[in-house]
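Spelled out from the first residue to the last, the chains are:
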Amino acid sequence: MDPETKDLLEAGAAAAAILTCVAGGVVFAVKHFKSRPSRAASSPAIGAAKQEKFIYPEMGEAGQNLLHPRVQQVVKGAHVALSAVVPEKEELMVIFSGAAGSPSVQNLGTGDWYYTGMPAPLNWRGQRYEPGNATVGPSQSFKAQGGKAELDMHFDRLGEVKVAVYENGASVPSWTKVFHVVPPG
C-alpha cells in the first residue's frame, strides 16, 4: 500500500474514533440529564414565596423517613431514610441516641446503626459515632444545610432510639421523637 493511501486510512480511522466518542458522550448526556429536573424547574419563580418551613417527607430515597412523625418502628437491618428539605440559609441537626448498655457498648467495634456511603449522602455530614458506656448510650449527630438532604441508614440492634431535632441552629431541640427497632418478620 502506498504511503498516501495509508495516511488517508489512518486519518479516516481517527476521525471515526473521534466521532464515536462524541456520539457516545451525547447519548450519555441525554440519558443522564433527561431524568433530572432542570434548574429552572426546581428554582422558585421570581416573586414566589421561599420555603420557610423544614419539610420531612414520609418516604425518602432509601425507604420510610425516620424524621417523619408517623414512623415509630424500624425493622432491624432494613434500609430507611434520613430525609429533609431544609430552608435556604438554615441548618438542621439531628442527634440519634440509643439505650445505655447497648450491644455496641459491650462489643466495641460494632455500632447500633450505620449509614451507607454509596450512594453518597446528599447534604448530610455525619459526626463520629460515639459508642457510649454502661450509663450513657451511643449517639451520633448529623447536620444538613439549606436544600434537600438524603441519607440511607440501617439499624443493627433492637430497642429504642431517641431522635432530637434542632432546627435553625437552636440550642435546645425543636422537637424529639422515639422509634423502636424491631426484629424482621
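Look above for the structure.
Residues numbered from 1 in each chain as written. Predicted model: local features only at pLDDT ≥ 70, side-chain atom pairs only at ≥ 80, totals over all residues. Heavy atoms only, no water.

Caption draft 1: Main features of the side chain of glutamate 150. Its location among the elements puts glutamate 150 in strand β7 (residues 139-155). Nearest to the buried, unbridged glutamate 150 among oppositely charged side chains is lysine 148, at 4.3 Å. From its side chain, glutamate 150 meets the backbone nitrogen of glutamate 61 in a polar contact 3.0 Å long. Engagement of the side chain of glutamate 150 in a polar contact is seen with the side chain of serine 83, the distance being 2.6 Å. Discounting residues that sit within four places of it in the chain, glutamate 150 has contacts with Gly60, Glu61, Ala81, Leu82, Ser83, Pro121, Leu122 and Trp124. (Helix = DSSP H or I, 4+ residues; strand = E, 2+ residues; numbered from the N terminus. Buried < 20%, exposed > 50% of the residue type's maximum accessible area, 1.4 Å probe, protein only. Lys, Arg positive; Asp, Glu negative; His and termini not counted. Salt bridge = Lys/Arg side-chain N within 4 Å of Asp/Glu carboxyl O. Polar contact = N/O pair within 3.5 Å; in protein donor to acceptor, adjacent residues only side chain to side chain. Contact = heavy atoms within 4.5 Å.)

Caption draft 2: Layout of the side chain of glutamine 140. As for its placement among the helices and strands, glutamine 140 is situated in strand β7. Beyond its immediate sequence surroundings of up to four residues, glutamine 140 is in contact with Val94, Ile95, Phe96, Trp113, Tyr115, Gln127, Arg128 and Tyr129.

Caption draft 3: Region of interest: the environment of valine 94. Mapped onto the fold, valine 94 is located in strand β4 (residues 80-98). Residues valine 94 and tryptophan 124, spaced 30 residues apart in sequence, show a C-alpha to C-alpha distance of 9.9 Å. Not counting residues up to four positions away in its chain, the partners in contact with valine 94 are Leu67, Leu82, Trp124, Gln140, Ser141, Phe142, Val163, Ala164 and Val165.

Caption draft 4: Region of interest: the environment of proline 87. Relative to the helices and strands, proline 87 is located in strand β4. Residue proline 87 is classed as buried on the basis of its relative accessible area of 3%. Along the backbone, proline 87 and lysine 53 are 34 residues apart, and their C-alpha atoms lie at a distance of 6.3 Å.

Caption draft 5: Geometry of the nonpolar core. Formed by 27 residues in total, the largest nonpolar core has its most connected members in Phe96, Trp124, Met153 and Phe155. Secondary structure elements with two or more residues in this core: β4, β7, β8 (159-167) and β9 (175-182). (Core = buried A, V, L, I, M, F, W, Y, C linked by side-chain atoms within 4.5 Å.)

Caption draft 6: A look at the pairing of β7. Note: β4 against β7, 14 bridges, orientation antiparallel. Bridge pairing in β7 links valine 80 to methionine 153. Here strand β5 (residues 113-115) pairs with β7 via 3 bridges, running antiparallel. When the sheet's bridge partners are listed, tryptophan 113 is paired in β7 with phenylalanine 155. (Pairing = 2+ DSSP bridges.)

Caption draft 7: Quick look at the pattern of salt bridges. Across all of its chains, the model carries 4 salt bridges by this definition. When the shortest N-O distance is used, the salt bridge between arginine 157 and aspartate 112 registers 2.5 Å. A residue pair is termed long-range when its members are at least 10 positions apart, and arginine 157 in the loop between β7 and β8 and aspartate 112 in the loop between α3 (103-106) and β5 qualify at 45 residues. Among the residues examined, arginine 157 registers a relative accessible area of 5% and is labelled buried. In this structure aspartate 112 comes out as buried when scored by relative accessible area, which is 1%.

Caption draft 8: Spatial organisation of the packing of aromatic side chains. Following the criterion strictly, the structure yields 9 aromatic pairs and no others. Look at tyrosine 56 and tryptophan 175: their rings are 5.3 Å apart centre to centre, the planes differ by 75°, and that puts the pair in the edge-to-face class. Here tyrosine 56, found in the loop between α2 (39-42) and β1 (59-60), pairs with tryptophan 175, found in strand β9; they are 119 residues apart in sequence, far enough to count as distant. One aromatic cluster is present, built from ring pairs that chain together Phe96, Trp113, Tyr115, Tyr129, Phe142, Phe155 and Phe179. (Phe/Tyr/Trp six-rings, centres within 6.5 Å; stacked < 30°, edge-to-face > 60°.)

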